[in-house]
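Inside the fold
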Amino acid sequence: MYQWRKFEFFEGKYGERITIPEEISGKIECCSSGRGKVVLGCDDGTVSLLDRGLKFNSQFRAHSSSVLFLQQLKQRNYLVTVGEDEQLSPQFSAVCMKIFDLDKVQQQHEEEGPSTFSPDCVQILRIFTNQFPESKITSFLVLEEAPPILLVAIGLDNGCIYCIQGDIARERIKRFKLQADASITGLGFRVDGQVLQLFAVTPSSVHLFNLHTQPPTGQMLDNIGSDVPSVAMSDRSELIIGRPEAVYFYEVDGRGPCWAFEGEKKFLGWFRGYLLCVIADQSTGKYSFNVYDLKNKLVAHSVVVKEVSHMLCEWGNIILIMADKSALCIGEKDMESKLDMLFKKSLYTVAINIVQTQQADVAATAEVLRKYGDHLYCKQEYDQAMHQYIDTIGYLEPSYVIQKFLDAQRIHNLTNYLEKLHEKGLASKDHTTLLLNCYTKLKDVEKLNLFIKSDDGGGETKFDVETAIKVCRAAGYHEHAMYVAKRAGKHELYLKILLEDLGRYSEALQYVNSLEPSQAGVTVKEYGKILIEHKPAETIDILMRLCTEEEPAKRGTSSSTYVSMLPSPVDFINIFVHHPQSLMEFLERYTSKMKDSPAQGEMHNTLLELYLSHDLDFPFISLTNTGENGAVISKGHSNGRTFINRPDVSEGKDRRERFQKGLNLLKGAWPPEQDQPLYDVGLAIILCEMNAFKNGLLFLYEKMKLYKEVIACYMQAQDHEGLIACCKRLGDLGKGGDPSLWADVLKYFGELGEDCSKEVKEVLTYIERDDILPPIVVLQTLSRNPCLTLSVIKDYIARKLDHESKLIEEDRRAIEKYQEETSAMRREIQDLRTNARIFQLSKCTACTFTLDLPAVHFMCMHSFHQRCLGDNERECPECAPEYRSVLETKRSLEQNSNNQDQFFQHVRNSKDGFSVIAEYFGKGIISKTSTRQAGA
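Residues numbered from 1 in each chain as written. Predicted model: local features only at pLDDT ≥ 70, side-chain atom pairs only at ≥ 80, totals over all residues. Heavy atoms only, no water.

Let's talk about the overall build of the protein
This is how it is decided: Elements are defined by DSSP. Helices are runs of H or I of four residues or more, strands are runs of E of two residues or more, and each kind is numbered from the N terminus. Throughout, a contact is declared for two residues whenever any of their heavy atoms are within 4.5 Å.
Assigned secondary structure in the protein consists of 32 helices and 31 strands. For the protein, the proportion of contacts with a sequence separation of at least 24, taken over those separated by at least 6, is 48%.

Here you go:
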């Protein structure tokens, strides 16, 4: 004890000495505190209540004789007293226990004297009965269980402990008795969950009773007790006993630690982790009051006092009541004052222990640790200083510590601090960068491994992943960077290290192959160019797996739905920008496997451009020059008459093979049963024109029924034999061809400027066969070619003239015939108008019986019985149908005369438009006036 440090952590309150209020006239026998009041019991039977500063509040008479013990309850504003009253009868003791409800008060004012009040006494209970004989009470203690249950323990000088348990206010109680070996000098309740125990102290022993068992059981903890009532309970439910040589602590299993404080212990107490002792010095007869901090081994307060009669705690203060009715109130200083006192003496360890012991604010604890660390840092005790700074993590700004240890000689301390910062998950990106730089500067691979792999258990990473990868890469620790990237799922960074730093392309491909398809697609898009450059075949295999293979989770979907869920090959085309050959191989494999892919059109367009390109260039037109709806944007001509001729076109084997593949693609992707191909026709035409791919153009134009464009290709190439063969195939009207192609071919030869007599003769054969052009047009067309002689068309002209002569003769005979018939009709009409008709028929035309009257004769020389005609006497039954047919035809022709679209359609579709017009005039459908209107 004499080696303990002494500090004045306590100070007097309300002045050095406080006088007990004069309203309290009797001797103070007992006291208690709680609910903001101090309660005093006197030998005159009164109970007084005091406010803060021991100011008198009120007083009432609890017992008629004396108040022996009292206790203020905490959960309810009840006061339990034990005192002596007038003995009502010889067989009953005068000692009884009363319970007062201090909330139920009847205030009374007297003309003179203090204000008094009469609280409601809710219960008066005899302590001694026939089963519990009377003896002197030495100890009294009340335990508040779940309200309204109370447990009252009364210790007697005969070693018995009377216990009363239950709702005492309603007298629903049970009584039981515990037995010790000698007079009870102290009691203490211990509650541990549902377990209730009672300590009992005698001059010769210490007992522990288990009240949770029925019946209660007891055991002796020590065969040495205490003969003075210096007993208290700590905040950890330990029994504290004071003996002259020391203070002893007891737990449920026996004696615990003891502290050697000499002197007779008059009073013991426990206050906020401090041990309170009132010690009497037998040699001097003086009393001292000491406050001990047992954990930190220091005397927090020590003062010489007068004789103390009572000690209690209330209002956060310690109150000592002296025998001369004075009082001393002592309060603890604030934490800041105590720490300032310790800092002035450089007692930082004591300050730290105090703040930790008294459970001060963590920020205050951190501040103490910081000051201690600064103190050690100034003394150049860097290791010890860092130990203190580490304990401030979470409350002290890390930069405050880091800047102190940036010197290279203190890098170990800095490393230690940064490690702890990461362990607590409070490190930023900059802290991670600094720590990894420390490891790399120290070349401490073991610690680097430990830091990187510290979370292998699957916990949350305690550092910034991208920062760690960046620092490790910069320092050359690629394996560590790869480990972090792989564990954190940073697949792009992992591959970046493999490909850019280490060049391990095969390993990178294996890693990509192990990823989920969605993630693998993202990584291939980013690093596919590098992979294609070094491992083209393997990369194409991965792309095929991504774009075509079925995932297990999608096997239940339909074929079309599954295909739409796969990534499109178009997304990966950009990785082949410098490797068109690999792109061609990939697209060939894809299109051959995925026949119903949504990207089939884009794939065919790209493949076609690759096949037809001059030097197998990367496709640009099919990927960039497309309009909003996929239509090709081109400023050139697409009519088959404009070619971009390259003088350096290579006709090597490779290009011929690619051209053949291109032609196969054009044909295969345009099935006969479909109107539209699986590629962009406009783009295909432009590609064929740009690369002088004649066969492709011929196929496309023929599929599109652009026959004139087809023959234009032959004309452009001056392929006369192919031109004529094409016209034979496409100019046959019976097979859906266009006979007008022969006219274009004839015009071509007429403007050729060279001798092509053989070809002209063959063309004239088909023109003559189908009567496509008049001879005059043929003569005018061929006259433009100076290399052709009249002998080329002499036979054709002779035949046409002979044929025309025959037609003229036939027309002349027809004219003569029609003229004769017309003259006969006119004579007959004139005869009908001027001469009478003689009817000589003797039989009815209808019934063939002899004609009798009444009879009807028609101008057509038919005669009928009137009865055979019925109601229709105005028309000849025999001639009427023919007459009506002629009238219907006339009406139809008159209606058609107003349908100009039909007239012009007949003119366009006829070989000889003039004959159509003549026919319309001949039938009387149109007149000169209507013709002029139509022309207008």
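Now, onward.
Some remarks on the environment of Pro215
Threshold: Three exposure classes are used, based on accessible area relative to the maximum for each residue type with a 1.4 Å probe and protein chains only: buried under 20%, partly exposed in between, and exposed over 50%.
In this fold, Pro215 is placed in the loop between strand S17 (205-210) and strand S18 (217-222). Pro215 gets classed as exposed once you look at its relative accessible area, which sits at 61%. Separated by 38 residues in the primary sequence, Pro215 and Lys177 have C-alpha atoms spaced 9.9 Å apart.

A word on the sheet that holds strand S15 (residues 186-192)
The test is simple: Pairing between strands is defined by DSSP: at least two bridges between the two strands are required. Inter-axis angles, ranging from 0 to 180 degrees, are taken between N-to-C directions of lines fitted to C-alpha atoms, where helices are fitted over the stretch in contact.
Taken together, 4 strands build an open sheet; the order of strands is S15-S16-S17-S18 and the sheet is antiparallel. Looking along the sheet, the strands with just one partner apiece sit at the ends: S15 and S18. The sheet shows a mean angle of 25° between the axes of neighbouring strands, taken without regard to direction. As judged from the 5 bridges shared by S17 and S18, these two strands associate in the antiparallel manner. Of the residues in S18, the one forming a bridge with His207 is Met220.

Remarks on the sheet that holds strand S11 (residues 137-144)
Overall, antiparallel pairing links the 4 strands, which are arranged S11-S12-S13-S14 in an open sheet. Both outer strands of the open sheet, S11 and strand S14 (172-179), are each paired with one neighbouring strand and no more. The average angle at which neighbouring strand axes cross in this sheet is 15°, direction not considered. With 7 bridges connecting them, S11 and strand S12 (residues 150-156) associate as antiparallel partners. For Glu144, the partnering residue across the bridge sits in S12 and is Leu150.

Structural notes on unusual backbone geometry
The residue after Gln214, namely Pro215, is reached through a cis peptide bond having omega -5°. The omega angle of the peptide bond from Leu853 to Pro854 is -5°, so this bond is cis rather than trans. Among the structural elements, Pro854 can be located in the loop between helix H27 (791-834) and strand S30 (855-857). Phi is positive for Ser237, which is not a glycine, with a value near 60°. Mapped onto the elements of the fold, Ser237 is located in the loop between strand S19 (231-233) and strand S20 (239-242). Taking relative accessible area as the criterion, Ser237 reaches 21% and is therefore assigned partly exposed. One non-glycine residue, Gln718, lies in the positive phi region at around 55°.

Some details on the packing of aromatic side chains
Put simply, the rule reads: Geometry of aromatic contacts follows a simple scheme: Phe, Tyr and Trp rings, the Trp one being its six-membered ring, pair when their centres are within 6.5 Å, and the pair is stacked under 30 degrees between planes, edge-to-face over 60, tilted otherwise. Definition used: whenever NZ (Lys) or CZ (Arg) falls within 6 Å of the ring centre and also within 35 degrees of the ring normal, the charge is taken to sit over that ring.
This structure, assessed with the given rule, holds 26 aromatic pairs. An aromatic cluster of three or more residues is present, and its members are Tyr377, Tyr382, Tyr389, Tyr400 and Phe405. Lying over the aromatic face of Phe572, Lys525 brings its terminal NZ or CZ to 5.8 Å of the ring centre.

Things to note about the pattern of salt bridges
Under the convention used in this document: What counts as a salt bridge is simple: a side-chain nitrogen of Lys or Arg found within 4 Å of a carboxyl oxygen of Asp or Glu.
For the structure on display, the rule yields 33 salt bridges. Between Arg255 and Asp222 there is a salt bridge, and its shortest N-O distance comes to 2.6 Å. A residue pair is termed long-range when its members are at least 10 positions apart, and Arg255 in strand S22 (residues 254-259) and Asp222 in strand S18 qualify at 33 residues. In this structure Arg255 comes out as partly exposed when scored by relative accessible area, which is 41%. Here Arg784 and Glu751 are joined by a salt bridge, their closest N and O atoms 3.4 Å apart. In this pair, Arg784 is assigned in the loop between helix H26 (775-782) and H27 and Glu751 in the loop between helix H24 (740-750) and helix H25 (757-770), connecting sequence segments 33 residues apart.

Quick word on the side chain of His604
For His604, the location among the structural elements is in helix H17 (residues 600-612). For His604, a relative accessible area of 6% translates into the label buried. Those residues in contact with His604 that lie beyond four places of it in its chain are Thr591, Leu665, Ala669, Leu678 and Tyr679.

Quick look at the nonpolar core
For the record, the criterion: As used here, the term nonpolar core means buried Ala, Val, Leu, Ile, Met, Phe, Trp, Tyr and Cys residues forming a set that is joined through side-chain atoms within 4.5 Å.
Residues Phe9 and Phe289 are the most contacted members of the largest nonpolar core, which totals 165 residues. Among the elements that make up this core, the one with the highest residue count is H24 (7 residues). With sequence-adjacent residues up to four places away left out, Phe289 is seen in contact with Leu276, Cys277, Val278, His301, Ser302, Val303, Val305, Met311, Ile318, Leu320 and Ile330. Counting residues in hydrophobic clusters, the runner-up holds 22 residues, among them Met97, Phe140, Cys160 and Tyr162.

Examining the environment of Tyr477
Inspection of the secondary structure assignment puts Tyr477 in the loop between helix H9 (465-475) and helix H10 (478-487). Here Tyr477 falls in the buried class, since its relative accessible area comes to 16%. Taking the C-alpha atoms as reference, Tyr477 lies 9.7 Å from Leu448; in sequence the two are 29 residues apart. If we skip the residues at most four places from it in the chain, Tyr477 touches Thr440, Lys443, Val445, Leu448 and Cys472.

Observations regarding the layout of surface pockets
Quick note on the threshold: Cavity and pocket criteria rest on a 1 Å grid covering protein atoms alone: a 1.4 Å probe that fits but cannot get out defines a cavity, protein on both sides within 12 Å along at least 5 of 7 lines defines an open pocket, and an atom within 4 Å of a point defines a lining residue. Grid points are joined across faces, edges and corners, and a volume is the space filled by probe spheres set on the points. Only Asp, Glu, Lys and Arg are considered charged, only Ala, Val, Leu, Ile, Met, Phe, Trp, Tyr, Cys and Pro nonpolar, and every remaining residue, Gly among them, polar.
Taken as a whole, the second largest pocket holds about 480 Å³ of empty space. Residues of the lining of the second largest pocket, tallied by class, amount to 5 nonpolar, 4 polar and 8 charged.

A short note on helix H7 (residues 429-442)
Cut-off, in case you're wondering: Expected span of a helix, by definition, is 1.5 Å for each gap between consecutive residues, and there is one gap fewer than residues.
Taking 1.5 Å per residue as the helical rise, H7 with its 14 residues ought to reach 20 Å, and the 20 Å between its terminal C-alpha atoms agrees with that figure. Taken together, the buried positions of H7 are occupied by His431, Thr432, Leu435, Leu436, Cys438, Tyr439 and Thr440. The inward-facing, buried residues of H7 contact helix H5 (398-402), helix H6 (411-423), helix H8 (445-452) and H9. Remark: Lys443 follows H7 within two positions and exhibits a positive phi of approximately 55°.

Focus on H8
Since the α-helix packs 3.6 residues into each turn, any two residues three or four apart lie on the same face. To keep things clear, this is the line we draw: The arc in question is the one traced by the directions running from the helix axis out to the C-beta atoms.
Buried within H8 are the following residues: Leu448, Phe451 and Ile452. Down the axis, H8 shows its buried residues gathered within 95° of arc, on one side only. Projecting away from the buried face of H8 at angles above 90 degrees are the exposed residues Glu446 and Leu450. Considering only its buried residues, H8 is in contact with H6, H7 and H10.

Digging into the packing of H24 against H26
When two helices pack together, their arrangement is given by the angle between the helix axes and the distance between those axes. At their nearest, the axes of H24 and H26 sit 8 Å apart, and the two run at 35° to each other. Listed contacts from H26 to Leu746, Lys747 and Gly750 of H24 are Val778, Thr781 and Leu782. Residues of the contact of H24 with H26, tallied by class, amount to 3 nonpolar, 2 polar and 1 charged.

Quick word on the pairing of strand S26 (residues 298-305)
Every regular strand shows the same layout, with side chains that alternate between the two sheet faces. Both strand S1 (residues 5-6) and S26 contribute to a ladder of 2 bridges, which runs parallel. Across the sheet, the residue bridging to Arg5 is Leu298, located in S26. The pairing of strand S25 (residues 287-293) with S26 spans 7 bridges and is classified as antiparallel. Following the sheet pairing, Phe289 is matched in S26 by Val303.

Concerning the packing of H8 against H10
Selection criterion: When an angle is under 35 degrees it counts as roughly parallel; over 145 it counts as roughly antiparallel; between 65 and 115 it counts as roughly perpendicular; any other value is oblique.
Where H8 meets H10, the closest approach of the two axes is 10 Å, and the angle between their N-to-C directions is 5°. By the angle between their axes, H8 is roughly parallel relative to H10. Contacts from Val445, Leu448, Asn449 and Ile452 of H8 reach H10 at His480, Tyr483, Val484 and Arg487.

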